[in-house]
Amino acid sequence: MYYAYKYRLKPSDAHREELDRHRDICRQLYNHTRYRLNEYQENHGELPSMTTLRSELPDLKKWWDGLNEVYSKVLQTIVERLFDNLKGLSKLKKNGYGVGQLNWKPPREFRSFTYSQSGFKLDKKGGQTVLSLSKLADIPIRLHRAIPDDAKLKQVTVKKEPTGEWFATFGVQIDREPPEPPENPEKCVGIDVGILKYAHDTDGTAVGSLDLSAERERLEREQRKLSRKQHGSNNYEKQRRRVAECHANLRRKRRDFLHKLSNYYAREYDLVAVEDLNVKGMIESPSNSRNTASAAWRTFLTLLEYKCEREGTHFVAVNPRGTTKECASCGVSTDKPLWVREHSCPACGFEANRDANAAWNILSRGLEDVGVGHSESTPVETALPTDTDSVSAKRVVESGSPTLKERTAKAVSE
Ligand SMILES: [Zn+2]
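Computed from a predicted structure; not experimentally measured.

*Asks:* Give a detailed account of empty space enclosed by the protein, specifying residues and quantitative values.
*Replies:* Tallied over the entire structure, the rule returns 2 cavities of 30 Å³ or more. Of the voids in this model, the largest cavity is the one considered here, and its volume is about 70 Å³. Taken together, H32, T33, R36, L53, E56, L57, L60 and V79 form the lining of the largest cavity. Among the secondary structure elements, those contributing two or more residues to the lining of the largest cavity are α1 (13-44) and α2 (50-63). With 4 residues, α2 is the largest single contributor of residues to the lining of the largest cavity. Considered class by class, the residues forming the lining of the largest cavity number 4 nonpolar, 2 polar and 2 charged. Quantified by volume, the second largest cavity comes out at close to 30 Å³.

The structure is reproduced here in structure tokens:
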């Protein structure tokens with residue numbers, strides 16, 4: 001499996017200059033190649049072969065001194081990537097899609113370059129870890145988490161964020177077979193990420209969505225300030241950086257939360273059942289506010305799926321049709337408007353929180369999909385939580401889990 005490990009670089013001022021210089025040479029090569037390819041395509045009606053294109057690099061280096069200062073594999077990667085992108089575009093065109101050309105890139109938009117296969121390594125210099133980049137520099141790097149020993153470093157991409165910070169992302173291959181999910185999953189959970197606010201699970205936990213209103217307000221404030229600055233001035237540039245920092249901060253917080261929540265479920269359970277949001281999207285007509293939240297939950301489910309695979313946990317995405325209407329106890333469907341937050345079954349008298357009821361249905365369907373027999377006793381009959389424990393997203397961020405320490409302690413003592 002391939003993994004990405006991202007770390008912050010700690011470049012000195014001299015390193016920064018070097019990084020920017022390399023970035024700019026790469027950008028020029030990108031723009032030059034883009035121009036060449038478009039020209040070729042107009043004259044010949046098709047793209048040159050990758051071999052032709054690659055063979056032009058040595059000639060280019062004869063008159064373009066700057067290119068010799070950048071590690072050759074870095075240059076090759078730029079040419080190859082551009083070629084692949086254009087190829088993708090022309091394929092789309094052939095299939096009748098109206099797609100534009102790749103654009104010329106101004107300095108601000110060309111942010112990263114990649115060392116592939118060779119020319120980079122992690123090293124120790126003067127008591128600190130550095131990322132050693134061929135023809136560039138040894139740049140201090142903050143390895144806040146270790147790359148596993150059996151991982152093969154395939155490539156590293158160094159990128160300048162709009163905030164001015166530099167990051168290194170390693171593409172890493174680990175040839176470890178992920179563990180097989182157990183045949184008889186014991187700890188199973190259904191999660192209803194239903195309507196925006198809460199993710200309800202069948203263990204009686206309801207995790208709130210992350211409150212980022214303070215961060216959003218700050219972003220808006222900084223954006224307003226930016227609009228009052230004179231475009232291109234020093235102050236404008238400073239303020240633009242502040243806005244970028246706000247954006248980065250929001251993104252970081254959101255991802256951190258979703259990472260921790262998905263980690264928890266993948267590690268804690270043998271089977272995790274959720275609704276298939278792709279199907280759900282077709283059933284429910286989305287409003288705008290719902291789209292924002294559902295984008296976050298989509299990210300959550302993507303993270304959850306890949307973490308489940310890594311941990312050897314069943315991940316089941318079930319058909320969401322009617323999960324809120326159906327009674328988790330007897331299976332009878334009753335229409336329920338959105339504002340009715342309680343499920344109360346007219347057929348069997350079962351009462352539960354609306355989302356908890358949905359979560360139970362999701363779990364039953366998940367168990368059915370995996371072929372685990374829970375048919376005789378529905379989960380509801382065996383272990384229905386009497387009340388719901390509402391958990392703030394903040395607690396997940398701080399403790400890495402939606403489970404209260406006290407609750408765990410209590411469960412142990414019982
Ligand atoms: Zn019922």
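*Asks:* Quick rundown of the pattern of salt bridges? Include the residues and the values.
*Replies:* Scanning all chains against the criterion turns up 24 salt bridges. Here K160 and D20 are joined by a salt bridge, their closest N and O atoms 3.2 Å apart. Taken as a pair, K160 in strand β6 (residues 152-160) and D20 in helix α1 lie far apart in primary sequence, 140 residues in all. K160 sits in the buried class, given a relative accessible area of 13%.

*Asks:* How would you explain the coordination of the zinc ion if you had to name every residue and give the values?
*Replies:* In this structure, C327 (SG), C330 (SG), C345 (SG) and C348 (SG) serve as the protein donors to the zinc ion, at separations of 2.3 Å. Donor residues for the zinc ion, ordered by position in the chain, follow C-x2-C-x14-C-x2-C. Linking C327 in the loop between β12 (314-318) and β13 (342-344) with C348 in the loop between β13 and β14 (351-353), this pair joins segments that are 21 residues apart in sequence.

*Asks:* An account of the sheet that holds strand β7 (residues 166-173) is needed here, citing residue identities and associated values.
*Replies:* With antiparallel pairing, the 7 strands of this open sheet are ordered in space as β2-β6-β7-β1-β5-β4-β3. The open sheet has two edge strands, β2 (112-116) and β3 (120-125), and neither has a second partner. The mean angle between the axes of side-by-side strands here comes to 35°, regardless of whether they run parallel or antiparallel. Across 7 bridges, strand β1 (residues 2-9) lies against β7 in antiparallel orientation. Its bridge partner lying in β7, Y3 is registered against V172. The strands touched by α1 are β2, β5 (137-142), β6 and β7; relative to β5, the strand with the most contacts, the crossing angle is about 110°.

*Asks:* Hey, could you go over the nonpolar core for me, with residue numbers and the actual values?
*Replies:* By size, the foremost hydrophobic cluster in this structure holds 47 residues, and its most contacted members are L29, F113, Y115, L131, L133 and F170. Considering every element that reaches this core, the biggest residue donor is helix α3 (residues 72-94), with 8 residues. What L29 contacts, discounting residues up to four positions off in sequence, is L57, L60, W64, L67, L75, I78 and V79. V207, F257, L258 and Y264 belong to the second-largest nonpolar core, a separate cluster that totals 24 residues.

*Asks:* Describe the pairing of β12, naming the residues involved and giving the relevant values.
*Replies:* In β12, alternate side chains face the same way, and those of H314, V316 and V318 are buried while those of F315 and A317 on the opposite face are not. With 5 bridges connecting them, strand β11 (residues 271-275) and β12 associate as parallel partners. Of the residues in β12, the one forming a bridge with V274 is A317.

*Asks:* Explain α2 residue by residue, including any values.
*Replies:* Roughly 25° is the biggest bend found in α2, and it falls at L57, with proline P58 one to four residues downstream. For α2, the set of buried residues is M50, L53, L57 and L60.

*Asks:* An account of unusual backbone geometry is needed here, citing residue identities and associated values.
*Replies:* Residues other than glycine seldom take positive phi values, yet Q117 does so here, at roughly 70°. For Q117, a relative accessible area of 53% puts it in the exposed group. Unusually for a residue other than glycine, K135 sits at a positive phi of about 65°. Relative to the assigned elements, K135 resides in the loop between β4 (128-133) and β5.

*Asks:* Can you lay out a positive patch on the surface for me, pointing to particular residues and giving the numbers?
*Replies:* A surface patch of positive charge is lined by R221, R224, R228, K229, K238 and R242. Of all elements in the fold, only α4 (213-228) and α5 (234-268) reach the threshold of two or more residues within the positive patch. The leading source of residues in the positive patch is α4, at 3 residues. A residue is classified by how much of its surface remains accessible, and R224, at 47% relative accessible area, is partly exposed.

*Asks:* Got a sec to walk through the sheet that holds β11? Specific residues and values, please.
*Replies:* Ordered by their spatial adjacency, 6 strands build an open sheet running β12-β11-β8-β9-β10-β15, and the pairing between neighbours is mixed. What marks the edges here is a single partner per strand, and that holds for β12 and β15 (389-391). Direction aside, neighbouring strands of the sheet carry axes that sit 20° apart on average. Sheet topology note: the strand β8 (residues 188-192)/β11 ladder contains 3 bridges and is parallel. Its bridge partner being in β11, G190 is matched across the sheet by A273. Against the sheet, α5 engages β8, β9 (198-201), β10 (205-208) and β11, with an angle of about 165° to β10. Across the sheet, helix α8 (residues 354-370) is in contact with β8, β9, β11 and β12; its angle to β8 comes to roughly 130°.

Cut-offs used in this document
- Residues numbered from 1 in each chain as written.
- Predicted model: local features only at pLDDT ≥ 70, side-chain atom pairs only at ≥ 80, totals over all residues.
- Heavy atoms only, no water.
- 1 Å grid on protein atoms, 1.4 Å probe; cavity = no way out; pocket = protein on both sides within 12 Å on 5 of 7 lines; lining within 4 Å.
- Points joined across faces, edges and corners; volume = space filled by probe spheres on them.
- Helix = DSSP H or I, 4+ residues; strand = E, 2+ residues; numbered from the N terminus.
- Nonpolar A, V, L, I, M, F, W, Y, C, P; charged D, E, K, R; others polar.
- Salt bridge = Lys/Arg side-chain N within 4 Å of Asp/Glu carboxyl O.
- Buried < 20%, exposed > 50% of the residue type's maximum accessible area, 1.4 Å probe, protein only.
- Donors = N, O, S within 2.8 Å, 3.2 Å for Na, K, Ca; no water.
- Pairing = 2+ DSSP bridges.
- Axes fitted to C-alpha atoms, helices over the stretch in contact; angles between N-to-C directions.
- Contact = heavy atoms within 4.5 Å.
- Core = buried A, V, L, I, M, F, W, Y, C linked by side-chain atoms within 4.5 Å.
- Bend = angle between axes of the 7 residues up to and from the residue.
- Patch = residues over 30% accessible without salt bridge, like charges linked within 9 Å, V, L, I, M, F, W, Y side chains within 5 Å.
- Areas by Shrake-Rupley, 256 points an atom, 1.4 Å probe, with all protein chains shown as cover.
- Lys, Arg positive; Asp, Glu negative; His and termini not counted.
- Charge placed at Lys NZ, Arg CZ, Asp CG, Glu CD.

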